[in-house]
Amino acid sequence: MIRITGLSFQYGGGEKNALSDIDLEINNGDFLGIIGSSGAGKSTLTYAMNGLAPHHFRGDFRGEVTVNGLDTRQNQPEELARHVGSVFQDIDSQMLASVVEDEILFGLENFGIPHDEIERRMNDALESTGISELRSRTVASLSGGQKQKAAIAAIVALRPSIMVLDEPTGELDPQSSRMVFEILKKLNEEHGVTIVLVEQKIMLLCEFARRLAVMDGGKLILCGPVKDVLDSADRLEDAGVNIPRVATLARRLRERELYHGDIPLDIGRAKIMVEGILSDAAL
Ligand SMILES: Nc1ncnc2c1ncn2[C@@H]1O[C@H](COP(=O)(O)OP(=O)(O)OP(=O)(O)O)[C@@H](O)[C@H]1O
Ligand SMILES: [Mg+2]
């Protein structure tokens, strides 16, 4: 688990805090979505989770972050990476090898995984991300979605208990984005991997995440189960986050006392909401 207590961080040379007084606990098995406008501090928060802040990004670090009980100030990012695997916002800076299988191999060798286990881990990682056929392809020849999957596979092979991904679908079309979310859901549900996902696509987040954290100006302004966070639509909009249209619709229907249920988090449940109202109206 990740426990963040009273965390503030200011980049060396920065003028204001990139993170201000953050308290956040992420339990094992959680699927947490982090959302907020540009510059809100989302990437910096992920750096606090994988130790890049303060070890790589130096600055004024206050408070405490522990990852599976390890204090991030006292443990180097290389050590923390055994617990928390990171997929960065700038994917091209992450992929070091020229061929997909070498990218996965590189991490496994770096972690000192015994040779007889490497092949099994490689196959499992390729299979669970659905890219077995891309094994021998060059990274340069992959599409955006394939590259994201390869980056995720390279982390999956290392079997961290927590994965932190920073806008992994930023450059992807809706269909490829959904495929990446499906991979994360499977890792979460079938392998118990804790997922922390920075993402702008709120509709997908609402459908797949269990909890949402909303950031604004370096602060964590809301955090809780997805439907509770959507109930605070005004605060979300103040933070520059557009709430899904279906949530707006549900709120308006509630205001008119036409609907009393939870905010639907996917199209299937939105359909049930609308059909319920229509059948009530027909009575
Ligand atoms: N390396 C750095 N040095 C100094 N300041 C930085 C650095 N990286 C980010 N910042 C500042 O810290 C604040 C938070 O930035 P951060 O990158 O965490 O935001 P973000 O929510 O990830 O934004 P985006 O959605 O654009 O990725 C911003 O004011 C930014 O200018
Ligand atoms: Mg960012």
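Residues numbered from 1 in each chain as written. Chains lettered and ligands numbered in written order. Predicted model: local features only at pLDDT ≥ 70, side-chain atom pairs only at ≥ 80, totals over all residues. Heavy atoms only, no water.

Enquirer: Just give me the short version of helix H5 (residues 100-110), but keep the residues and values in it.
Expert: The complete set of buried residues in H5 reads Val 100, Glu 103, Ile 104, Gly 107 and Leu 108. Down the axis of H5, the buried set is contained in an arc of 130°. They therefore lie on one face. Those residues of H5 hidden inside the fold are in contact with helix H4 (91-94), helix H6 (115-128) and helix H7 (144-156). (Buried < 20%, exposed > 50% of the residue type's maximum accessible area, 1.4 Å probe, protein only. Helix = DSSP H or I, 4+ residues; strand = E, 2+ residues; numbered from the N terminus. Arc of directions from axis to C-beta. Contact = heavy atoms within 4.5 Å.)

Enquirer: I'd like a description of the coordination of the magnesium ion (ligand 2), backed by residues and values.
Expert: For the magnesium ion (ligand 2), every protein donor is listed as Ser 43 (OG) and Gln 89 (OE1), and the spread of their distances is 2.0 to 2.3 Å. Here Ser 43 is found in helix H1 (residues 42-50), whereas its partner Gln 89 is found in the loop between strand E6 (84-87) and H4, with 46 residues between them in sequence. On the basis of relative accessible area, Gln 89 is assigned to the partly exposed category, the value being 42%. (Donors = N, O, S within 2.8 Å, 3.2 Å for Na, K, Ca; no water.)

Enquirer: Describe the site of ligand 1, naming the residues involved and giving the relevant values.
Expert: Taken together, 15 residues lie around ligand 1, and Ser 38, Gly 39, Lys 42, Ser 43 and Thr 44 are the ones closest in. Gln 89 places a polar side-chain atom, nitrogen or oxygen, 2.9 Å from an oxygen atom of ligand 1. The fraction of the free accessible surface of ligand 1 (630 Å²) that becomes covered by protein chains is 64%. Per-element accounting of the shell around ligand 1 gives the leading share, 3 residues, to H1. For the shell around ligand 1, a count of residues per class yields 4 nonpolar, 8 polar and 3 charged. (Near = heavy atom within 4 Å. Polar contact = N/O pair within 3.5 Å; in protein donor to acceptor, adjacent residues only side chain to side chain. Areas by Shrake-Rupley, 256 points an atom, 1.4 Å probe, with all protein chains shown as cover. Nonpolar A, V, L, I, M, F, W, Y, C, P; charged D, E, K, R; others polar.)

Enquirer: Go over the pairing of strand E9 (residues 211-216) with me, naming the residues and quoting the values.
Expert: Relative to E9, strand E3 (residues 31-36) is paired through 5 bridges, and the arrangement is parallel. The partner of Ile 34 across the bridge, within E9, is Ala 213. The pairing of E9 with strand E10 (residues 219-225) spans 6 bridges and is antiparallel. Its bridge partner being in E10, Asp 216 is matched across the sheet by Lys 219. Counting the residues that bridge the hairpin from E9 to E10 gives 2 residues, and of these Gly 217 lies at a positive phi of roughly 55°. (Pairing = 2+ DSSP bridges.)

Enquirer: Break down unusual backbone geometry for me, with residues and values.
Expert: Between Ala 53 and Pro 54 the backbone carries a cis peptide bond, its omega angle lying at 10°. Within the secondary structure layout, Pro 54 lies in helix H2 (residues 52-55). Within the chain, Glu 167 stands out as a residue other than glycine whose phi angle is a positive 45°. Among the secondary structure elements, Glu 167 is positioned in the loop between strand E7 (162-166) and helix H8 (174-191).

Enquirer: Hey, could you go over the packing of aromatic side chains for me, with residue numbers and the actual values?
Expert: According to the stated counting rule, one finds 5 aromatic pairs in the structure shown. Taken together, the ring pairs connect Phe 9, Tyr 11, Tyr 47, Phe 57 and Phe 61 into an aromatic cluster. Against the face of Phe 111 rests Arg 82, its NZ or CZ located 4.5 Å from the ring centre. (Phe/Tyr/Trp six-rings, centres within 6.5 Å; stacked < 30°, edge-to-face > 60°. Lys NZ or Arg CZ within 6 Å of the ring centre and 35° of its normal.)

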